[in-house]
Each structure stands twice: as C-alpha cells, then as structure tokens.
Amino acid sequence: MGTSGNKGRALPWALVTPALAWTLLFFVLPFIAMGFSSLTAHEGGGWTLANYSQFFTDPSYWRAMVNSLEVTAIVTVISILLAYPFAWILAEQVPERWQRLALMLAVLPFWTSYVVRSYSWLLVLAQNGVVNRALTGTGLINEPLQLANTRFATVTGFVHFFVMLLTLTIFANLKQLSPSYRKAAADLGAGPVRTFVHVVLPLTLPGIMVGAFLTFVLCIGDYITPQILGGNNELVMPQLVMMQIGRRGDFPLASALSIILMAVVTVAYLACARWLKIERA
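Residue numbers here run from 1 along each chain, matching the order of that chain's written sequence. Since the coordinates come from a predicted model, pLDDT governs what is reported: local features require at least 70, and pairs of side-chain atoms require 80 or more to be given and counted, while whole-chain, interface and lining totals use all residues. Excluding hydrogens and water, the side-chain figures rest on all heavy atoms present in the structure.

Draft legend 1. Fine view of the nonpolar core. Core analysis: the largest hydrophobic core is formed by 27 residues, its most contacted members being Val75, Phe158, Phe162, Ile170 and Leu174. Those elements that provide at least two residues to this core are helix 3 (59-93), helix 4 (96-106), helix 7 (151-176) and helix 9 (192-220). Here a helix means four or more residues in a row that DSSP labels H or I, a strand means two or more in a row labelled E, and each is numbered from the N terminus. When residues of this core are assigned to their parent elements, the largest contribution, 12 residues, is made by helix 7. Residue contacts for Val75: discarding those within four places in its chain leaves Val155, Phe158, Val159, Phe162, Thr215 and Cys219. Definition used in this section: a nonpolar core is a set of buried Ala, Val, Leu, Ile, Met, Phe, Trp, Tyr and Cys residues joined via side-chain atoms within 4.5 Å. Partly exposed describes any residue whose relative accessible area lies between the buried limit of under 20% and the exposed limit of over 50%, with all areas from a 1.4 Å probe on protein chains only and scaled to the type maximum. Here a residue-residue contact requires only that any non-hydrogen atoms of the pair lie within 4.5 Å.

Laid out in structure tokens, this is it:
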C-alpha cells in the first residue's frame, strides 16, 4: 500500500514537471534576469532606479504608455461591439448543421500570417489603396485621405484580428447557455429585450471578459501592427522598448519599460479576475 500510495502521489508531479520546467526556463529565469537588468545603469555601475524614474519623468515615455492604453481600450470596445452580434447570429440564427462551417469561415483570419495581414491593410489604406481609390472614383473626395500611418490604421488592423477572437469566446458562452433561462424569463413576463439585458447578457459576461482580457494583453504588447500600420507617428510602449534596443542598445531601460508594461497587464488581470469572481458568486 505504501509503495502504491507513493506512486499515486508522484504521478501528478511527473505529469506537471515538464510544464513547470518549461515555465521556469523560458519565463521565470528570463524575467528575473530582466528585473536585475532594469536596476542597472546603461553605462555600467551599481544598482539604480534611474531607469524607472526616467519613465515617470520623461513626458515622451509616459505618452507612449497613454497611447498604448488608449489604442487598447478603443480596440477592445469596438471588438466587443462587433463580436457580440456576430457571435449571437452564429449561435442563435445559423442552423446547427451549418455552425461548424460558419465558425471555420470566421476563423480564417487566424490562418494568415499576422505580418501579412498588417501589410495587406497597409496596401488597402495607402494613398493609392483600395479605400482612397474608391472614394476618389465616386467623387466623395478630391484628394486621397491620410489613412495609413495613423491611429485609425492601427485600430483597424487590430480590430480585424480581435473581433474573431472575441467572437469565439462569446459564441462558446452562448452555446453553454441553457434555453430554460429564456423560457423562465418569458414565463415571468419578460420580453426579448428585458430577457437579453437581465438574463442573457449577465450570463455571457464571463465570455466577454475572457475575450476582452485576451484582447487587452495581445493588443497592448503587440509591436508589429503599430509599427507597420501606425509608423512612428504615435509611439506605443512596444515600439518604445524596441527603440531602446535597436537604436540605443540600452537594455536596462528596455527591461524597465518591459516590466512596467507587464505590471499594467498584471493589474488588468487582477481587475478582471476579481470582477469575474464577483459575477460568478
């Protein structure tokens, strides 16, 4: 019994050890190294908090964080507003036998390279792109609009990707929702609008929050889309980090900026986790 009991206790650890080793090797240790690096000076010397103080005292650095938060908030809100009706149509209006095909078509953007999608939007929004040609061809404008290398272009590229991500999380929540809730609301005299507002929407909020948090994390840490579609006209935090590495070779400052960005993501996670816990209670 003792031997079998020891084997039973060892089996879970044997199963989880590869994941723990991977996390330790490729996340924990690099994060610790980055933390130590952020506390050193670029030109050498002892420990210092100058890298962190530079972020809070330099308006350009602080502005990059504000830009990141603004873009992320706009993308998250627009993606939710577009994804929820789409997910509702897939879950409620599309016949069951066609839903798998509809979902496959919905996730097609995930099959294309992230870089390719960004450059495709750059071609669409360029001065000689599809949008400007259509507007000038119909006579709505006389001169091409500056659409590329703007915040509008960055938001458009992000929304194109994250709408599908949010659609999947909301669709999964809607499919798990029992029809008995709607029937109970109808028996109590609630119409379709009140049923949606007071029953369906609160019960599907966990799916919305999961998708919103994933959108927040992926959007605020993304470098490719702002670099390709936004250019350097309005820097966000990932661009600022890459500038410290590529142009100045200032790894300590880049480490400090990365840790500050991770702190913001951690705060967002704690806020979402606490909110979801309250909702489930």
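Let us keep going from here.
Draft legend 2. Geometry of the UniProt feature "transmembrane region" (unreviewed entry) in the protein. UniProt positions are given in the numbering used here, feature names are shortened, and annotations may be inferred rather than shown by experiment. The positions UniProt marks with the feature "transmembrane region" (unreviewed entry) are residues 12-33, 71-90, 102-122, 152-174, 195-224 and 251-272. With 100% helix and 0% strand, residues 12-33 has its two end C-alpha atoms placed 30 Å apart. The distance from the first to the last C-alpha atom of residues 102-122 is 27 Å, and the span holds 67% helix and 0% strand.

Draft legend 3. Spotlight on the pattern of salt bridges. The working definition used for a salt bridge is a side-chain nitrogen of Lys or Arg within 4 Å of a carboxyl oxygen of Asp or Glu. Applying the stated criterion to the full structure yields six salt bridges. The closest approach of N and O atoms between Lys175 and Glu96, which form a salt bridge, is 3.2 Å. Of this pair, Lys175 sits in helix 7 while Glu96 sits in helix 4, and the two are 79 residues apart along the sequence. In this structure, the salt-bridge partner of Glu234 is Arg151, at a minimum N-O distance of 2.9 Å. A residue pair is termed long-range when its members are at least 10 positions apart, and Glu234 in the loop between helix 10 (224-230) and helix 11 (237-248) and Arg151 in helix 7 qualify at 83 residues. Exposure remark for Glu234: the relative accessible area of 30% places this residue in the partly exposed category. Each of Arg63, Glu70, Arg151 and Glu234 takes part in salt bridges that share partners, so that together they form one network.

Draft legend 4. Region of interest: the packing of helix 3 against helix 7. Orientation is described by axes fitted as lines to C-alpha atoms, over the contacting stretch for helices, and by angles from 0 to 180 degrees between their N-to-C directions. It is at 6 Å that the axes of helix 3 and helix 7 come closest, and there the two elements cross at 45 degrees. In this view, helix 3 runs oblique relative to helix 7, as classed from their interaxial angle. In the packing of helix 3 onto helix 7, the handedness of the crossing is right-handed. Class assignment for the residues of the contact of helix 3 with helix 7 results in 23 nonpolar, five polar and four charged. Note on terminology: angles under 35 degrees are roughly parallel, angles over 145 are roughly antiparallel, angles of 65 to 115 are roughly perpendicular, and the others are oblique. Crossing handedness: left-handed means the near helix sits turned counterclockwise from the far one by under a right angle, and right-handed means the same turn made clockwise. Charged residues are taken to be Asp, Glu, Lys and Arg, nonpolar residues to be Ala, Val, Leu, Ile, Met, Phe, Trp, Tyr, Cys and Pro, and polar residues to be all remaining types, Gly included.

Draft legend 5. Inspection of the side chain of Thr167 at higher detail. Among the structural elements, Thr167 can be located in helix 7. Setting aside residues no more than four positions away along its own chain, Thr167 makes contact with Ala83, Phe86, Ala87 and Leu90.

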